[in-house]
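Residues per chain are reported as follows:
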Amino acid sequence: MRRERVAKKEFVMKRKTVVSFILLCSIICCLLYNQKSTYAKEVNDEEEIEQLIRETKTKAKIPSISVVTVENGKVQYYGDDSKKLYEIGSMTKAFTALGILYLSKQGQLDLDAEVQMYLHDFAPTYKGKKVSVTVNDLLYQTSGYTNSEKDYPSATANMSLKDWYDTIYNAPLTFAPGTQYAYSNTNYNLLGMLIERVSGQSYAAFMQEKILKPLNLEHTFCGNENLTQDMISGKRLGYGFTFNYEQPIAPGTIPAGYFLSNIEDMGQWIAIQLGTADIPNEYEELILQSHELDTNRNAGGNDYYAGWITYDDGIMGHSGGTCNYSSRLLYDRKDDIGVCVLTNLNAVASTDRLCEQILARKQGKEIPKFCYDVWRIFDIIFTVVTIVALVMMVVFRYALKRKSKRMISILCAILLSVLTITFAIVIPFIFQASWVTIIRIWAPYSMGIGMLFLIICCAIGMHSCIKRSDKR
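So, a few notes on the structure that sits alongside this text. Owing to the predicted nature of the structure, the values given are computational and were not obtained by experimental measurement.

1. Some details on the pattern of salt bridges
Under the criterion given, the structure shown has 13 salt bridges. When the shortest N-O distance is used, the salt bridge between Lys59 and Glu55 registers 3.0 Å. Highlighted residues: Lys59 and Glu55, both in helix α1 (residues 2-60), separated by four residues, approximately one helical turn. Classification of Lys59 as partly exposed rests on a relative accessible area of 33%. With a relative accessible area of 23%, Glu55 lands in the partly exposed category. Look at the salt bridges and you will find they share partners, linking Arg328, Asp352, Arg353 and Glu356 into a network.

Below you can see the structure in the form of structure tokens.
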């Protein structure tokens, strides 16, 4: 009996030992698994971001993409050369706004004052009557100007800010100041003119001395004069291919959208917005001021102020697009994270989406799907249009010799003519610019060539129908 109790006791002790051993092994395995998972997550994080970049390059046909992420003070670069320069487009507006806030902080300018106080010849009208536009109206994009190139054309090549201002200072407004929101480059070019008039310096000299240098942005420039660094060549799309495309920067357009920078400086710019960069205290105050959206002023419901858009979840950012570059920057102060994407193709929607994807990946949120840019869509459409037009030219020539094909050729000619007229009317209306501006500067090469072939095809089709009628 005693022997059985001893045996039973030994069995229980052995069982406890085995259970303890298994439990210890399980704990060790869990710890190793967690370490492995953490390591794998970090590796996968980088790999997935690189994969997102490759996907965007392939689908959007963007040759070069540079990315920076700033997370809890850690800066990481992805994609292509981090030192070469890109045009950053309308992300420039936040710099221009900071220049205005600096002048306000120095007591040289009142944000609530009428622009006429500083630009004495400024004389905008609304419905035939003179109206007052404040500096804040320009900062909030509620002045009455729109982004219509027909109503408020941009500066042409070699046109200075003053030259451009002389063409716009008395232009009629689209709506009464302060009553609506309308994004407009005109507003921020006028802010650039204000900087010149109030500071007594050129816009470029003021921004370099008072903004870029104190913020340690050594690789950010106002335009492309006197550059000390190489730029990544801007590209233009056409039939699924990209071609080098250079467009001169008019000085009169720089304050609204033509700074140059590289992804390293954009990492510093993000850190400045997050409050983690080492900059003078007075500039920290200016940065915080540029984030202070007054919703009572923001007519129209759009959360825009000082070159930044505030989104519902507290994320702030801005995108940019020129005829041969695109950019996007997003940051979240509460999570201490920011992302910037620079690309060398006019593909704003795809660039925006890539930035959103990377931020979502970093924040552990669902990653949105790739988004085609409107110009990529038009490139696909007009590639098809070009092919169809060429095929129809052959069909029309063949139809001249066949009586039975006359009705088909007439219907095809009518349909193609309707399509051509629709394109001719709708596209300038959508982009608020003339066909000359769209084809010469913004659109992929396929659009101009496709429209030309479409017009020729319509002419041949109508000619073939008329000729058949005459023969009858």
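2. Overview of the layout of surface pockets
Estimates place the volume of the largest pocket at around 1200 Å³. Elements represented by at least two residues in the lining of the largest pocket include exactly α5 (185-199), α7 (254-257), β12 (316-321), α10 (348-363), α11 (374-399), α12 (406-431) and α13 (435-442). The greatest single-element share of the lining of the largest pocket, amounting to five residues, is contributed by α13. Within the lining of the largest pocket, the residues separate by chemical class into 19 nonpolar, 18 polar and three charged. Of the voids in this model, the second largest pocket is the one considered here, and its volume is about 410 Å³. As for the second largest pocket, its lining consists of 19 residues, and the residues nearest its centre are Ala204, Cys222, Gly223, Glu225 and Ile254. For the lining of the second largest pocket, the secondary structure elements donating two or more residues are α6 (203-212) and β6 (221-222).

3. Overview of empty space enclosed by the protein
Scanning the model with the defined rule gives two cavities of 30 Å³ or more in all. Each pocket or cavity is described by its volume, and for the largest cavity that value is around 90 Å³. What lines the largest cavity is a set of 14 residues, among which Leu237, Leu345, Asn346, Trp375 and Trp442 lie closest to the centre. For the lining of the largest cavity, the secondary structure elements donating two or more residues are β7 (235-238) and α11. Broken down by element, the residue count for the lining of the largest cavity peaks at three residues, all from β7. Of the residues belonging to the lining of the largest cavity, the class tally is nine nonpolar, one polar and four charged.

4. What to know about the pairing of strand β13 (residues 326-332)
Counting buried positions along β13 gives seven out of seven residues, so the element sits mostly inside the fold. Neither face of β13 is exposed, since Ser326, Arg328, Leu330 and Asp332 on one face and Ser327, Leu329 and Tyr331 on the opposite face are all buried. Here six bridges tie β12 to β13, and the two strands are oriented antiparallel to one another. For Ser319, the partnering residue across the bridge sits in β13 and is Arg328. Taking the residues between adjacent antiparallel strands as the criterion, β12 and β13 are bridged by four residues. The turn linking β13 back onto strand β14 (residues 337-343) is made up of four residues, and Asp336 within it adopts a positive phi angle of 55 degrees.

Rules of the game
- Residues numbered from 1 in each chain as written.
- Predicted model: local features only at pLDDT ≥ 70, side-chain atom pairs only at ≥ 80, totals over all residues.
- Heavy atoms only, no water.
- Salt bridge = Lys/Arg side-chain N within 4 Å of Asp/Glu carboxyl O.
- Helix = DSSP H or I, 4+ residues; strand = E, 2+ residues; numbered from the N terminus.
- Buried < 20%, exposed > 50% of the residue type's maximum accessible area, 1.4 Å probe, protein only.
- 1 Å grid on protein atoms, 1.4 Å probe; cavity = no way out; pocket = protein on both sides within 12 Å on 5 of 7 lines; lining within 4 Å.
- Points joined across faces, edges and corners; volume = space filled by probe spheres on them.
- Nonpolar A, V, L, I, M, F, W, Y, C, P; charged D, E, K, R; others polar.
- Pairing = 2+ DSSP bridges.

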